[in-house]
Amino acid sequence: LAKTTQPISMDSYEGQEVNITCSHNNIATNDYITWYQQFPSQGPRFIIQGYKTKVTNEVASLFIPADRKSSTLSLPRVSLSDTAVYYCLVGDMYDSGAGSYQLTFGKGTKLSVIP
Amino acid sequence: GAVVSQHPSRVICKSGTSVKIECRSLDFQATTMFWYRQFPKQSLMLMATSNEGSKATYEQGVEKDKFLINHASLTLSTLTVTSAHPEDSSFYICSASLAGGGLEQFFGPGTRLTVL
């Protein structure tokens with residue numbers, strides 16, 4: 001499983017765009033990159049997933065360079081409700097059927113949005 | 001999206017007693033469910049992988065006789081903390097993956113266990 005490295009914390013003002021970068025130097029060919037959001041005392045919530053280049057959905061964008069050794073989660077115009085811990089995970093997309101693929105959570109990035 | 005529920009949301013018990021936590025996939029079948037533990041201000045740590053109809057696979061350092069996992073159906077997995085002690089107090093979270101694959105896991109809301 002590829003190890004990930006993220007900044008421990010980030011601060012941002014409301015309305016700004018926030019970019020959180022994750023390093024995963026030993027990512028494997030079959031690995032996908034997934035980001036989760038977690039609020040205190042809640043289970044993580046899926047944000048976005050990608051393999052290469054750029055992926056965008058209604059809440060975020062994910063930028064992945066050609067070498068795939070890093071990825072950047074971009075949150076446009078954050079609000080106070082985006083204050084949470086954001087986790088970057090790397091793993092194989094395909095279920096082996098034995099159900100043994102696993103997600104390894106790193107320390108995550110605590111984003112604090114300031115009014 | 002797929003919904004996973006957990007029950008109870010919080011439980012307080014006396015030291016030495018056993019506590020059962022249920023994890024249910026409400027609108028999909030989950031061949032695989034995962035159990036995590038999260039201590040305050042720390043990340044999630046995978047405890048075990050639960051496959052329907054077979055024995056769970058425990059991570060290194062997790063006592064299988066203390067944390068009993070049963071995955072009797074495609075929509076229900078249970079975690080029983082036996083002979084709980086104060087150091088077992090933690091936030092327990094389950095997740096489920098869709099049958100057929102995909103890296104996305106759907107997480108339950110978590111269960112706060114406090115052992116007195």
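See the structure printed just above.
Predicted, not measured: the structure shown is a model, and the values here were computed from it.

Rules used in this analysis
The written sequence of each chain sets the order in which its residues are numbered from 1. Each chain is given a letter, starting from A, and each ligand a number, starting from 1, according to the order in which they appear as written. Under the rules for a predicted model, residues below a pLDDT of 70 receive no local features and side-chain atom pairs below 80 are neither given nor counted, while totals for whole chains, interfaces and linings still include all residues. No hydrogens and no water enter the side-chain calculation; it runs on all heavy atoms of the structure. Numbered from the N terminus, helices here are DSSP runs of H or I no shorter than four residues, and strands are runs of E no shorter than two. Note on exposure labels: buried denotes an accessible area under 20% of the residue type's maximum, exposed denotes more than 50%, and partly exposed covers the range between, all computed with a 1.4 Å probe on protein chains only. Under the convention used here, a 1.4 Å probe and the Shrake-Rupley method define accessible areas, while residue burial counts only the protein chains that appear. For two strands to count as paired, DSSP must find a minimum of two bridges between them. Fitting a line to C-alpha atoms yields each axis, with helices limited to the stretch in contact; the angle taken between N-to-C directions then spans 0 to 180 degrees.

Participant: Just checking my understanding: could you explain the overall build of chain A for this structure?
Facilitator: The secondary structure content of chain A amounts to zero helices and nine strands. Across chain A, helices and strands are ordered from the amino to the carboxyl terminus as β-β-β-β-β-β-β-β-β. The 115 residues of chain A split such that 44% are buried. In the structure as shown, chain A presents an accessible area of about 5900 Å², 52% of it carried by carbon and sulfur atoms.

Participant: What exactly am I supposed to notice about the pairing of strand S9 (residues 109-114) of chain A here?
Facilitator: Each regular strand displays side chains that alternate between the two surfaces of the sheet. Residues and elements named next belong to chain A. Side-chain alternation along S9 places Thr109, Leu111 and Val113 on a buried face and Lys110, Ser112 and Ile114 on a face that remains uncovered. Direction of pairing for strand S8 (residues 84-92) relative to S9: antiparallel, over a ladder of three bridges. Looking at S9, one finds that Ala84 is bridged to Leu111.

Participant: What's the story with the sheet that holds S8 of chain A in this structure? I'm lost.
Facilitator: In a beta sheet, neighbouring strands pair by backbone hydrogen bonds and run either parallel or antiparallel. Residue and element names in this part refer to chain A. Taken in spatial order, the five strands line up as S1-S9-S8-S3-S4 in an open sheet, and their pairing is mixed. Every interior strand has two partners, whereas the edge strands, strand S1 (9-13) and strand S4 (45-50), have only one. On average, adjacent strands in this sheet sit at an angle of 25 degrees to one another, irrespective of strand direction. Pairing geometry for strand S3 (residues 31-38) and S8, over eight bridges, is antiparallel. Bridge pairing in S8 links Tyr32 to Gly91.

Worth remembering: the numbers are spatial, not functional.
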